[in-house]
Amino acid sequence: MKVEKRSIDFIPEAERHGEPRSLFFVWFGANANITTVAAGVLPISMGLNLFWSALSILLGSLIGAIFMASHSAQGPRLGIPQMIQSRAQFGVFGAIVPLLFVMLIYLGFFVSNTLLAAQAIASASPFGNGGNIALLGGLCFLVALFGYQLIHRLQKLLSLLSIAVFGIATLLALALPMESGQWTAQGFNLASFLASVSIAVTWQLSYAPYVADYSRYLPTRTSTRQVFWYSYAGTVIGGSWMMLLGAVLAKAIAGFSDNVGLQLLGVLGGGTLLAVAFVLYGQIAINVFNLYGAFMSTVTVIEPFAALKVTPGVRAGFMLVICALATALCTLAQDDFIQFFLNFIFFMSYFLIPWTAINLVDYYALRKGVYQIADIFDPSGIYGRVNWIAVGVFLATIALEIPFMNTSLYVGPVAASLQGIDLAWVVGLLFPAACYYGLMSKRGVAAASTVKT
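Treat the numbers as computed from the prediction; the structure is a model and nothing was measured.

## Observations concerning the nonpolar core
Then comes step 1: Counting residues in each nonpolar core, the largest one holds 134 residues, and the members touching the most others are Trp-27, Phe-341 and Tyr-436.
Then comes step 2: Discounting residues that sit within four places of it in the chain, Phe-341 has contacts with Thr-35, Ala-38, Ala-39, Leu-42, Phe-109, Ser-112 and Trp-203.

Take a look at the structure:
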């Protein structure tokens, strides 16, 4: 298998291949890991019982995946990665603004995934914690280097293995004893429930910046509806299942959140070689997404400033630097991983949701999916260097969200007056969608969409 030769450039029709059903395996597999299981611990940590945790996880997953799958559906039509398509909204240079936030998200997830994997294999590995982190980083680098085709193949295998392994884990988890009243409607707390819904929504939205990267090689004629529904089904089933498993285990096993991976291995019968290998496989697979996405974003940031030909050697160099930086960050151990993880997910939502609102309104409501691909790579093209409307709306939305935020680091005055209910994600969705649509419509941007790609 050869190293992928494409990066942020357009995929010609002659190189398009594949079927939309492969996206089910990509996004089911992307969720089949202990980090998603750890996300299911968060509703329990906020005081919800299993009934309300399960309801919030399902509701949030069903809502968040709508936006995620809507981004996925853009891939075959445009044939370019997701974040470079943001240039059509923000301008060739203006797109760097949301890209910088997205790159922080990639690094944050890389750290979270690697720390959980290193914890899980600590007792079975002959290396120390630093050695385990370096080993995981190296394996992620190799898979991400080969790119699109290898990722698709590994995700299909991971999905099939996950159904069996997590199926067994789920049956064993449900058989564990736990305190009564967990599956009843008692003990409802609105603030905690809405926060839990927000976590599940944000979890699905966290794939939005790179979801189209894995559908852009599909032929242009591919059904948009099929791309949407295969992506939607894969991420909803995989994500909600893993989170529900995490919630059940958090209630049934004392101290489960202290070492999610190791505790999950214990449920499966201990740290056998096969169990450890499966956990590693899942963590490497999802970290490859983050490394691959970070590479795409880095090239997107640099490309407007310098003519950059991405050869296999250049690709390897960029990925090695990014992987080394992300791996180095993993050495900054967290004393309270779950609290760090909770704050990180809320942090993501405050920046991801305004970006996704602007992107989807532009694609589906204003331009109806019709773009000049060449101009996305040209600062002098129709999308310009900076679209101050998009950049202004994006930054204004983040400022507007601040009073509505509720994290352990900061509680806004509106959230405090609402007994801790965090509505920042609602503000982050509705305000930029309406504001961007209104201002861009006045500019007459919809008329430009009559120009075909």
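Read on, since the account is not over.
## Structural notes on helix α4 (residues 50–72)
The α-helix advances 3.6 residues per turn, and as a result positions three or four apart in sequence lie on the same side.
Then comes step 1: For α4, with 23 residues, the first-to-last C-alpha span of 31 Å sits near the 33 Å given by 1.5 Å per residue.
Then comes step 2: Within α4, the axis deviates most sharply at Ala-65, by approximately 30°.
Then comes step 3: Measuring from the side-chain oxygen of the N-cap residue of α4 to the backbone nitrogen of Phe-51 gives 3.2 Å; that N-cap residue is Asn-49.

## Considering the pattern of salt bridges
Then comes step 1: Summed over all chains, the structure comprises one salt bridge.
Then comes step 2: Where Asp-362 meets Arg-367, a salt bridge forms, and the shortest distance between an N and an O atom there is 2.9 Å. Grouping residues by exposure puts Asp-362 and Arg-367 together as buried.

## Description of the packing of helix α1 (residues 22–31) against helix α12 (residues 224–252)
Then comes step 1: Across the interface, α1 lies against α12 with an axial gap of 7 Å and an inter-helix angle of 20°. In terms of orientation, α1 and α12 fall into the roughly parallel class. Relative to α12, α1 is oriented so that their crossing is right-handed. Facing Leu-23, Phe-24, Trp-27, Phe-28 and Asn-31 of α1, the residues of α12 in contact are Val-227, Tyr-230, Ser-231, Ala-233, Gly-234, Thr-235, Ile-237, Gly-238, Gly-239, Trp-241 and Met-242.
Then comes step 2: Residue classes in the contact of α1 with α12 are distributed as ten nonpolar, six polar and no charged.

## Re a nonpolar patch on the surface
Then comes step 1: A contiguous nonpolar patch, built from Leu-135, Leu-139 and Leu-142 and spanning about 240 Å² of accessible area, is present on the exposed surface.
Then comes step 2: Structurally, the position occupied by Leu-142 is in helix α9 (residues 129–146).

Rules used throughout
What you see as residue numbers is a count from 1 along each chain, following the sequence as written. At least 70 in pLDDT is required for a residue's local features to be given in this predicted model, at least 80 for side-chain atom pairs to be given and counted, and no such filter applies to totals for whole chains, interfaces and linings, which use all residues. To obtain the side-chain values, all non-hydrogen atoms of the structure were used and water was disregarded. We call a set of buried residues a nonpolar core when its members are Ala, Val, Leu, Ile, Met, Phe, Trp, Tyr or Cys and they connect through side-chain atoms within 4.5 Å of each other. Accessibility here uses a 1.4 Å probe with only protein chains present; expressed as a share of the type maximum, an area under 20% marks a residue as buried, one over 50% as exposed, and anything in between as partly exposed. Throughout, a contact is declared for two residues whenever any of their heavy atoms are within 4.5 Å. For helices the rule is a DSSP run of H or I covering at least 4 residues; for strands it is a run of E covering at least 2, with both sets numbered from the N terminus onward. Under the convention used throughout, the expected extent of a helix is 1.5 Å for every residue step, that is, one less than its residue count. Bend angle per residue: angle between axes fitted to the 7 residues ending at that residue and the 7 residues starting there. Definition of a polar contact: a pair of N or O atoms within 3.5 Å, with one able to donate and the other able to accept a hydrogen when the atoms are protein atoms, and with sequence-neighbouring residues admitted only if both atoms are side-chain atoms. A pairing counts as a salt bridge when a side-chain nitrogen of Lys or Arg comes within 4 Å of a carboxyl oxygen of Asp or Glu. Every axis corresponds to a line fitted to the C-alpha atoms, with the helix fit spanning only the stretch in contact, and the corresponding angles, defined between N-to-C directions, vary from 0 to 180 degrees. An angle below 35 degrees is read as roughly parallel, one above 145 as roughly antiparallel, one from 65 to 115 as roughly perpendicular, and any other as oblique. The sense of a crossing depends on the near helix, which, turned anticlockwise from the far helix by less than a right angle, makes the crossing left-handed and, turned clockwise, makes it right-handed. Under the convention adopted here, Pro, Cys and the residues Ala, Val, Leu, Ile, Met, Phe, Trp and Tyr are nonpolar, Asp, Glu, Lys and Arg are charged, and Gly plus all remaining residues are polar. Patch members must show over 30% relative accessible area and no salt bridge, and they are joined within 9 Å when carrying like charges or within 5 Å when they are nonpolar side chains of Val, Leu, Ile, Met, Phe, Trp or Tyr. Here the Shrake-Rupley method, with its probe set to 1.4 Å, supplies the accessible areas, and only the displayed protein chains count as covering residues.

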